[in-house]
Amino acid sequence: MNVFVIGANGQIGKQLVERLKQDGKHEVTAMVRKQEQLDEFKANGYQVVLGDLEGDVETLKQAMSGMDAVVFAAGSGGSTGADKTLLIDLDGAAKSVEAAQANGNIKHFVMLSALKAEDRSAWPDSMKPYYVAKHHADRLLEQSGLDYTIVRPGALTDDAGTGKVNVDNVSTGEIPRADVAAFLAHVIGRQEAANKAIDLVKGDTAIEETI
Ligand SMILES: NC(=O)c1ccc[n+]([C@@H]2O[C@H](COP(=O)([O-])OP(=O)(O)OC[C@H]3O[C@@H](n4cnc5c(N)ncnc54)[C@H](OP(=O)(O)O)[C@@H]3O)[C@@H](O)[C@H]2O)c1
C-alpha cells in the first residue's frame, strides 16, 4: 500500500515512517509542515510532502493523491493552548478525514487517538479540551464511511520498545512510543483491524500476535 503519514516529524511519526521504510511492505510518504523538515526527510531517502493541518482540505486532498492508506499521528503537543488543540487535534483530524473521503481511493484510515477518549467520565478537568478533540475526531472518523482503525494508547514514554503490548481489557497504563509506532505499522491495511477502536498499553503479547 501507499501509506501517507500525517505528523511524520513527530516522535511517534518519525519512528513509524522509519519502520515502514525498513519493513519494505508498504511505500511510505511523510507529510511534514516545514521546509527544513522536508529537506531532512528527503536527505534520508523518504518520499515527503509539505502540508499544514491549519491549511485547507483541498491541499490535503492533493497531498494524498495516489495514497491507499492514511495514518494521522499529528497533535498540537503539550506546550500549546486549547486553541491549538481545537485547530490541530480536532479540526486538523477532521480535515484529514474529509480529504481522505474526497480522495476516493483511501482504503484504510488509522487514527492515533488516546486511551479513554471514548469515555467522558474518565477525563480529568485539566485535559478536557484535549479529550474533547480526540473524542470527536474519533467519532467523525467512525461515521465517515472510510475503513478505519482507531488506536488508543495509554501514557506515552520514551522507553525502549519491547515489541509487546496489551490490547485486552485495558483500563490504564503506559506504553513506549516505539511500541505504538510498531503497532500502527502492524495494523495498516490489516482487514482484521478494520472498523475497530483498539486500546493499547505495554504488555506481554507480541505485536504480530494481536489483531
Ligand atoms: N502524550 C501522551 O501521553 C499521549 C497519550 C496518548 C496519545 N497521545 C497522542 O499521540 C500523539 C503523537 O504523540 P507524539 O509524542 O509523537 O507527538 P509529537 O512529537 O508532538 O508529534 C506531533 C506532530 O504533529 C505535527 N503537527 C503539529 N501541528 C501540525 C500542523 N499544523 N500541520 C502538520 N503537522 C502538525 C508536529 O509537527 P512539528 O514536528 O513541526 O512540531 C509533530 O510532528 C499526540 O499528539 C497525542 O494526540 C499522546
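Residues numbered from 1 in each chain as written. Predicted model: local features only at pLDDT ≥ 70, side-chain atom pairs only at ≥ 80, totals over all residues.

Another point: the site of the ligand. Near the ligand you find 25 residues, and of these G10, I12, L53, A74 and G75 are the closest. Going through the elements one at a time, α1 (11-23), α4 (82-103) and β7 (155-157) are the ones with two or more residues in the shell around the ligand. When grouped by side-chain class, the residues that make up the shell around the ligand number 10 nonpolar, nine polar and six charged. (Near = placed C-beta within 6 Å. Helix = DSSP H or I, 4+ residues; strand = E, 2+ residues; numbered from the N terminus. Nonpolar A, V, L, I, M, F, W, Y, C, P; charged D, E, K, R; others polar.)

Moving on, we come to the sheet that holds strand β5 (residues 108-112). Sheet strands associate in pairs through backbone hydrogen bonding, adopting either a parallel or an antiparallel arrangement. Across the sheet, nine strands lie side by side as β3-β2-β1-β4-β5-β6-β10-β8-β11; this open sheet has mixed pairing. The open sheet terminates on both sides in strands that have one partner only, identified here as β3 (47-50) and β11 (205-206). Where strand β8 (residues 164-166) lies against β11, two bridges are found, and the strand directions are antiparallel. Looking at the pairing, V165 lines up with T205 of β11. (Pairing = 2+ DSSP bridges.)

With that settled, consider α1. An ideal rise of 1.5 Å per residue puts 18 Å on 13 residues; α1 measures up with 19 Å between its terminal C-alpha atoms. Within the span of α1, buried status applies to I12, G13, K14, Q15, L16, V17 and L20. For α1, the elements touching its buried residues are β1 (2-6), β2 (27-32), β4 (69-72), β5 and α6 (177-187). Positive backbone phi, at 70 degrees, marks G24, one or two positions downstream of α1. (Expected span 1.5 Å × (residues − 1). Buried ≥ 20, exposed ≤ 12 C-beta atoms within 10 Å, placed from the backbone. Contact = placed C-beta atoms within 7 Å.)

Our next topic: the nonpolar core. Core analysis: the biggest nonpolar cluster contains 63 residues, and V5, L16, V70, V71, M111 and L184 have the highest contact counts within it. Broken down by element, this core gets its largest block of residues, eight residues, from α6. Here V71 is in contact with V3, V5, I6, L16, V110, L184 and I188, once residues within four sequence places are set aside. (Core = buried A, V, L, I, M, F, W, Y, C linked by C-beta atoms within 7 Å.)

Time to look at the environment of G55. Along the chain, G55 falls in the loop between β3 and α3 (57-63). We classify G55 as partly exposed; it has 14 C-beta atoms within 10 Å. Separated by 40 residues in the primary sequence, G55 and K95 place their C-alpha atoms 9.0 Å from one another.

Looking now at the environment of A100. Mapped onto the secondary structure, A100 falls in helix α4. As a C-alpha pair, A100 and A69 span 31 residues in sequence and 8.7 Å in three-dimensional space. Those residues in contact with A100 that sit more than four places away from it in its chain are M64, V70, I106, F109 and L146.

Where burial is concerned, most of β1 is hidden: four out of the five residues are buried. In this structure, β1 lies alongside β2, joined through five bridges in parallel fashion. Following the sheet pairing, V3 is matched in β2 by V28. The parallel pair β1 and β2 is bridged by α1, and the resulting crossover is right-handed. Relative to β4, β1 runs parallel, the two being bridged by four bridges. The residue of β4 that forms the bridge with V5 is V71. (Right-handed = clockwise from strand over helix to strand, strands pointing away.)

Fair warning: the whole summary comes from geometry, so function is off the table for now.
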